[in-house]
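Report on the structure
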Amino acid sequence: MDDMSNYHNLFIKTASEHINELGVLLLKAKATQLSNEVLSQMHLHAHSLKSEAQAMGYKQFGAYVTVMEKYLKEALNDNRVVSTDKINILSSVVDEIRIFLQTVTDRKEDPPITSDKILLLAKQLDSPSEL
Amino acid sequence: MNILVIDDDVFFQKFYSTKLREAGYTVDIAADGEEGLEKIQKGSYTLILLDLVMPKVDGFELLRMRQNNKRMLAIPVIVFSTLGQQEDKMKAIQLGANDFMDKTFFNINSLMEKVKKMTG
């Protein structure tokens, strides 16, 4: 694998943009029904963020974002209606990812995201939606 | 040797183009499949590096179009994928991709070997 340290600043810049876009799209989703177009854009940002984090060697960061990406991809493929409680979970995820990115910015290391935390998120997004 | 990189991700666009230029290649960038198609029609490329998940025309769609286009078929395509995309890799190969690379463990030497193999 190539030395990725030269790409740290580029990663912070592009990752911040993906996170900001995800935040904006989630605000849209809260205001109206989550359309397929918005869902598709969210999936693209989550996919890019995951790929970049993995390429930089931030495995846990990448794994956490992967859970969100997988959920968005399945919702898109299944034409699923994303409920308000799931949108709220995704909003919390984006807030957490923003904090994780700050850790990466400050320490240039993978944020302390436990496997249990990743599994819990997968479970939350997998659970039946509240009516 | 002119290589066309088709990827919507600015991070990977800059990463690949830097690495490839350092290795002596000329690089052109397209931000999605639609722009990639335009560049293929107008330009002359030895190799295409193609991302799969993109807006507008994605990598799969571009591979489908390539199947019926002699000009495009003459250019080998290496598909980029990420961890956990095994199904995508298989689908891309079935659609005629010549090879694939894991974009998250990108290694310029490994890519060079593939490029030499395809163009040599």
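The following refers to the structure shown. No experiment lies behind these values; they were computed from the predicted model shown. (Residues numbered from 1 in each chain as written. Chains lettered and ligands numbered in written order. Predicted model: local features only at pLDDT ≥ 70, side-chain atom pairs only at ≥ 80, totals over all residues. Heavy atoms only, no water.)

**Remarks on helix α3 (residues 59–77) of chain A**
Residue and element names in this part refer to chain A. Definition in use: Segments assigned H or I by DSSP are reported as helices when at least four residues long, segments assigned E as strands when at least two residues long, and all are numbered from the N terminus. In this analysis, the expected span of each helix is defined as 1.5 Å times one less than the number of residues it contains. Partly exposed describes any residue whose relative accessible area lies between the buried limit of under 20% and the exposed limit of over 50%, with all areas from a 1.4 Å probe on protein chains only and scaled to the type maximum. We call two residues contacting when some pair of their heavy atoms lies within 4.5 Å.
Compared with the 27 Å implied by 1.5 Å per residue over 19 residues, the 26 Å span of α3 between its first and last C-alpha is a close match. Within α3 the residues assigned to the buried category are Phe61, Gly62, Tyr64, Val65, Val67, Met68, Glu69, Tyr71, Leu72 and Ala75. The secondary structure elements touched by the buried residues of α3 are α1 (8–31), α2 (36–55), α4 (84–107) and α5 (115–126). A positive backbone phi angle near 50° is found at Asn79, which sits one or two residues after α3.

**Regarding the interface of chain A and chain B**
It is common to give the size of an interface as the accessible area that goes away when the parts come together. Stated formally: Here's the idea: put two parts together, see how much 1.4 Å probe accessible area each one loses, and the total over both is what we call buried area. Each salt bridge in this description consists of a side-chain nitrogen of Lys or Arg and a carboxyl oxygen of Asp or Glu lying within 4 Å of one another. Under this definition, polar contacts are N or O atom pairs within 3.5 Å; protein pairs additionally need one hydrogen-donor-capable and one acceptor-capable atom, and for neighbouring residues in sequence, both atoms have to be side-chain atoms. Polar here means any residue other than Ala, Val, Leu, Ile, Met, Phe, Trp, Tyr, Cys and Pro, which are nonpolar, and Asp, Glu, Lys and Arg, which are charged; Gly is therefore polar.
Taken together, the contact pairs 19 residues of chain A with 22 residues of chain B. Together chain A and chain B conceal approximately 1,700 Å² of surface at their shared face, both sides included; 63% is due to carbon and sulfur atoms. The residue Asp88(B) makes a salt bridge to Lys73(A) at a minimum N-O spacing of 3.8 Å. Here chain A and chain B share one residue pair in polar contact (both at pLDDT 80 or more) between them. If you list the elements that add at least two residues to the side of chain A that touches chain B, you get α1 and α2 of chain A. Looking at the side of chain A that touches chain B, the element that brings in the most residues is α2(A), giving nine residues. By residue class, the composition of the side of chain A that touches chain B is eight nonpolar, seven polar and four charged.

**Considering the packing of helix α3 (residues 59–67) of chain B against helix α5 (residues 86–94) of chain B**
Residues and elements named next belong to chain B. The condition that has to hold: Between N-to-C directions, angles cover 0 to 180 degrees, with each direction set by a line fitted to C-alpha atoms, over the stretch in contact for helices. Roughly parallel refers to an angle under 35 degrees, roughly antiparallel to one over 145, roughly perpendicular to one between 65 and 115, and oblique to any angle outside these ranges. Working rule for handedness: look at the near helix, and if it is turned counterclockwise from the far one by less than a right angle, call the crossing left-handed; if clockwise, right-handed.
Running from amino to carboxyl end, α3 crosses α5 at an angle of 15°, the nearest separation of the two axes being 9 Å. Between α3 and α5, the crossing angle belongs to the class labelled roughly parallel. When you trace α3 past α5, the crossing you get is left-handed. Side by side, α3 and α5 meet where Phe60, Leu63, Arg64 and Gln67 of the first sit next to Asp88, Lys91, Ala92 and Gln94 of the second. When its residues are assigned to classes, the contact of α3 with α5 shows three nonpolar, two polar and three charged.

**Quick word on the sheet that holds strand β3 (residues 47–51) of chain B**
All names here are of chain B. Heads up, the rule is: At least two DSSP bridges between two strands are needed for those strands to be called paired.
If you walk across this open sheet you meet the five strands as β2-β1-β3-β4-β5, and the pairing is parallel. The strands lining the two open edges of the sheet, one partner per strand, are β2 (26–30) and β5 (99–102). Strand-to-strand twist across the sheet, computed as the mean angle between neighbouring axes with direction ignored, equals 25°. Relative to β2, strand β1 (residues 2–6) runs parallel, the two sharing five bridges. Paired with Asn2 across the bridge in β2 is Thr26. Its contacts with the sheet put helix α1 (residues 10–22) on β1, β2, β3 and β4 (77–81), and the angle it makes with β2 is roughly 165°. Contacting β1, β3 and β4, α3 runs over the sheet at an angle of about 140° to β3.

Structural measurements only, silent on function.
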